[in-house]
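These are the residues of each chain, in order.
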Amino acid sequence: MEEQKESLQKIVTTLALKNEEIQNFICCMKQSLQNLEANSTRVQEDLESEFTSLHAVLDELKEGMVTRIKQERASRTYELQNQLSACTKALESSEELLELANQTLCSTETDGFSQVPVTMAPAFRLSLKAKASDNMSHLMVDFTQEREMLQAIKFLPVPPTPEIQASECQVCDNSITVVWTLPEPDSKIDHYDLEYRRINHEGPPRAREDYPWMVVEGIKESEFTLTGLRFDTRYMTFRVKACNKAVAGEFSELVTLETHAFVFKLDSGSSHQNLKVEDLSVEWDSSGGKVPVQDIRKEKNRTNSPMHSPARSAMMSPKRAPSARVGRDRFTAESYTVLADTMIDAGQQYWEVKFDKESKAFAAGVALRSLGRFDQLGKSNASWCIHLNNWLQQSLTAKHNNKARTLDCPIPDRIGIYCNYEEGTLSFYNAKTKTLMHTFRTKFQQPVIPAFMVWNGSFSVQTGLQVPTIVQSGQKRNSNTSSSNASLT
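Small disclaimer: the values here were computed from a predicted structure and weren't measured. (Residues numbered from 1 in each chain as written. Predicted model: local features only at pLDDT ≥ 70, side-chain atom pairs only at ≥ 80, totals over all residues. Heavy atoms only, no water.)

## Side note on the overall build of the protein chain
Phase 1 of the analysis: Within the protein chain one finds 5 helices and 21 strands.
Phase 2 of the analysis: When burial is assessed residue by residue, the protein chain has 34% of its 489 residues classed as buried.
Phase 3 of the analysis: For the protein chain, contacts bridging at least 24 residues in sequence account for 69% of all contacts bridging at least 6.
Phase 4 of the analysis: Accessible surface for the protein chain amounts to roughly 31,400 Å². Of this, 51% is attributable to carbon and sulfur atoms. (Helix = DSSP H or I, 4+ residues; strand = E, 2+ residues; numbered from the N terminus. Buried < 20%, exposed > 50% of the residue type's maximum accessible area, 1.4 Å probe, protein only. Contact = heavy atoms within 4.5 Å. Areas by Shrake-Rupley, 256 points an atom, 1.4 Å probe, with all protein chains shown as cover.)

## Quick notes on the sheet that holds strand E8 (residues 255-258)
Phase 1 of the analysis: The strand order across the open sheet formed by 4 strands is E5-E4-E7-E8, and the pairing between neighbours is antiparallel. The open sheet terminates on both sides in strands that have one partner only, identified here as strand E5 (214-219) and E8. Looking at each pair of strands side by side, their axes are set apart by 25° on average, direction ignored.
Phase 2 of the analysis: In this structure, strand E4 (residues 191-199) lies alongside strand E7 (residues 235-243), joined through 9 bridges in antiparallel fashion. Looking across to E7, one finds that Glu-195 is bridged to Arg-239. (Pairing = 2+ DSSP bridges. Axes fitted to C-alpha atoms, helices over the stretch in contact; angles between N-to-C directions.)

## Things to note about the packing of aromatic side chains
Phase 1 of the analysis: All chains considered together, the criterion is met by 13 aromatic pairs.
Phase 2 of the analysis: Where Trp-284 meets Tyr-336, the ring centres are 4.8 Å apart and the plane angle is 85°; that geometry is what we call edge-to-face. A residue pair is termed long-range when its members are at least 10 positions apart, and Trp-284 in strand E10 (residues 281-284) and Tyr-336 in the loop between helix H4 (310-313) and strand E11 (337-339) qualify at 52 residues. The exposure classification of Trp-284 matches that of Tyr-336, with both residues buried.
Phase 3 of the analysis: It is Arg-239 that lies over the ring of Trp-213; its NZ or CZ is 4.1 Å from the centre. (Phe/Tyr/Trp six-rings, centres within 6.5 Å; stacked < 30°, edge-to-face > 60°. Lys NZ or Arg CZ within 6 Å of the ring centre and 35° of its normal.)

## Section: the sheet that holds strand E18 (residues 425-430)
Whenever strands of a sheet pair, they do so through backbone hydrogen bonds, lying parallel or antiparallel.
Phase 1 of the analysis: Strand order in the open sheet formed by 7 strands is E9-E10-E21-E12-E17-E18-E19, and the pairing between neighbours is antiparallel. Edge positions in the sheet fall to strand E9 (275-278) and strand E19 (435-441), since each has one partner strand and no second. On average, adjacent strands in this sheet sit at an angle of 20° to one another, irrespective of strand direction.
Phase 2 of the analysis: Examined bridge by bridge, E10 and strand E21 (residues 458-462) share 3 bridges and lie antiparallel to one another. Across the sheet, Ser-281 pairs through a bridge with Ser-460, a residue of E21.

## Quick look at helix H1 (residues 2-106)
Phase 1 of the analysis: Between the first and last C-alpha of H1 there are 153 Å, a value that for 105 residues agrees with the 156 Å anticipated at 1.5 Å per step.
Phase 2 of the analysis: Of the residues making up H1, those classed as buried are Glu-72, Arg-76, Gln-83, Ala-90, Ser-94, Leu-97, Ala-101 and Thr-104. (Expected span 1.5 Å × (residues − 1).)

## Considering unusual backbone geometry
Phase 1 of the analysis: At Asn-401, a position not held by glycine, the phi torsion is positive, near 55°.
Phase 2 of the analysis: Mapped onto the elements of the fold, Asn-401 is located in the loop between strand E15 (395-400) and strand E16 (403-406).
Phase 3 of the analysis: On the basis of relative accessible area, Asn-401 is assigned to the partly exposed category, the value being 32%.
Phase 4 of the analysis: Even without being a glycine, Asn-402 presents a positive backbone phi close to 65°.
Phase 5 of the analysis: Assignment of secondary structure puts Asn-402 in the loop between E15 and E16.

## Concerning the pairing of E19
Phase 1 of the analysis: Pairing geometry for E18 and E19, over 6 bridges, is antiparallel. The partner of Phe-428 across the bridge, within E19, is His-438.
Phase 2 of the analysis: Hairpin connection, E18 to E19: the antiparallel pair is bridged by 4 residues, and Lys-434 has positive phi, about 60°.

## Describing the pairing of strand E20 (residues 448-455)
Phase 1 of the analysis: Within E20, 7 of the 8 residues are buried, leaving the element largely enclosed by the surrounding structure.
Phase 2 of the analysis: Pairing of E11 with E20, which is carried by 3 bridges, proceeds in the antiparallel orientation. Paired with Val-338 across the two strands is Phe-452, which belongs to E20.
Phase 3 of the analysis: Looking at chain direction, strand E13 (residues 361-368) and E20 are connected through 8 bridges and run antiparallel. Note that in E20 the partner of Ala-361 across the bridge is Trp-455.

## Observations concerning the side chain of Gln-349
Phase 1 of the analysis: The topology assignment puts Gln-349 in strand E12 (residues 348-355).
Phase 2 of the analysis: The class for Gln-349 is buried, based on a relative accessible area of 17%.
Phase 3 of the analysis: Only 3.1 Å separates the side chain of Gln-349 from the backbone oxygen of Ala-346, close enough to count as a polar contact.
Phase 4 of the analysis: If we ignore the near neighbours within four places in the chain, the residues touching Gln-349 are Phe-262, Ile-344, Ile-417, Tyr-418, Cys-419 and Val-467. (Polar contact = N/O pair within 3.5 Å; in protein donor to acceptor, adjacent residues only side chain to side chain.)

## With respect to the side chain of Gln-466
Phase 1 of the analysis: Considering the arrangement of structural elements, one finds Gln-466 in the loop between E21 and helix H5 (469-477).
Phase 2 of the analysis: A polar contact is formed between the side chain of Gln-466 and the backbone oxygen of Thr-259, at a distance of 2.7 Å.

## Looking at the nonpolar core
Phase 1 of the analysis: Counting residues in hydrophobic clusters, the biggest one holds 53 residues, and the most contacted among them are Leu-266, Trp-351, Val-353, Phe-452, Phe-459 and Val-461.
Phase 2 of the analysis: Sorting elements by how many residues they give to this core places E13 first, with 7 residues.
Phase 3 of the analysis: Phe-459 has contacts with Leu-266, Leu-280, Ser-281, Val-282, Val-338, Val-353, Lys-354, Phe-355, Phe-362, Phe-452 and Val-454, leaving out every residue within four places of it along the chain. (Core = buried A, V, L, I, M, F, W, Y, C linked by side-chain atoms within 4.5 Å.)

## Focus on a nonpolar patch on the surface
Phase 1 of the analysis: Together, Leu-58, Leu-61, Met-65, Val-141, Phe-143, Leu-150 and Ile-153 make up a nonpolar patch on the protein surface, roughly 570 Å² of accessible area in all.
Phase 2 of the analysis: Among the elements that line the nonpolar patch, the one with the most residues is H1, at 3 residues.
Phase 3 of the analysis: Position of Leu-58 relative to the elements: it lies in helix H1. (Patch = residues over 30% accessible without salt bridge, like charges linked within 9 Å, V, L, I, M, F, W, Y side chains within 5 Å. Salt bridge = Lys/Arg side-chain N within 4 Å of Asp/Glu carboxyl O.)

## Looking at H5
Phase 1 of the analysis: Looking only at H5, the buried set comprises Val-471, Gly-474 and Gln-475. Buried residues of H5, seen end-on, are gathered within an arc of 105° and therefore sit on one face of the element. In H5, the exposed residues that point more than 90 degrees away from the buried face are Lys-476 and Arg-477.
Phase 2 of the analysis: Buried residues belonging to H5 abut E12, strand E17 (414-420) and E18. (Arc of directions from axis to C-beta.)

Next up, the structure:
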């Protein structure tokens, strides 16, 4: 009976998931119909606009060429009319002189021959070559080629859909390089548009995602590198489309890349009451912890209840530390400590902390969950840290089990912390130069938690970072380094 019930439950669950997929598909189809109507209207308006623009160009060109013909005709008409007028006047003058000369020849008086100015006739100075041609063939046009081009006008081909090459994409050093190719070369591609989205789940995209698409436009190459990322989600999904001068192609298939980053928050419930915890920032608050007596009694009764018994606390997930360690679990006295809310029980993790160098004291490292509420970082076998002391004399030391080693290196503004749980390695780096400051080598017997301490100062933590390549390569080179916890135990 139980097996049948379990089998039916599996079928119901599968059917419910299938129904959700169908609902998502129906939503997509409805959206596609709306998009089709809107896109059809848009491209028709664009087409009419292009033809109107083309007609305007042709009308403007026609007007200019007609004006040129009219100007040429007017200019030549003026030249020919002036030349015709001059020729007419010269002909009239020549006819008068010719008549006078004939009358003189018919006269018997010889003295009049020398008085006829025949040689001064304007006809002898007149050019009988036309100053302007009547040929206008140089202003003829032949639109055969243009007409063929116009007749060849077609809809601009949609660019092919790119294919993201997941095997060639790289996720490292807090950056992602996305590489894609086209199924066939296309010389008309002008640029690519890349979109990416953060997600926290595996599998196909959902109808509604928590994060919006981020857009990178105008990419000229077939790859792009996103730099300076903070991986606050487990995965990032990418898609890319090709664009020519007028139209964009379809988006590529979605490709999801895993970010492999360590993300945590600070547990304000376990922090010392003199520490003001906001998100990933901590500031010293000298007035903290002053709670009315009645509130303390309430808290005492609360912590003594079965709901907060050690046995119940032990049942919680080993990955996520308790988020409400109040009352006796809160760090107190001179243990100005705050822990992260996420444990490290496997893999290589990296995070950075920026601190106020004027703090009277500051420490960062890891601790076991069993770290006592009175324990200061580095003063028991349950924590490892780098400690900055500005009280009386400035010093930077590596501490574990109440033993310290002075570090001979400049005090950086930001410290990078690397933890390799399986190897039992905890290293501290100058986050800017990635210079190794110190390495503890031990064997973690249980999960550890990022831990921090500050007195009269402040700090902020940056998570979601991948292990930098230079740190990984440096760990391999320094696997036999003498900088270990051997001298601190």
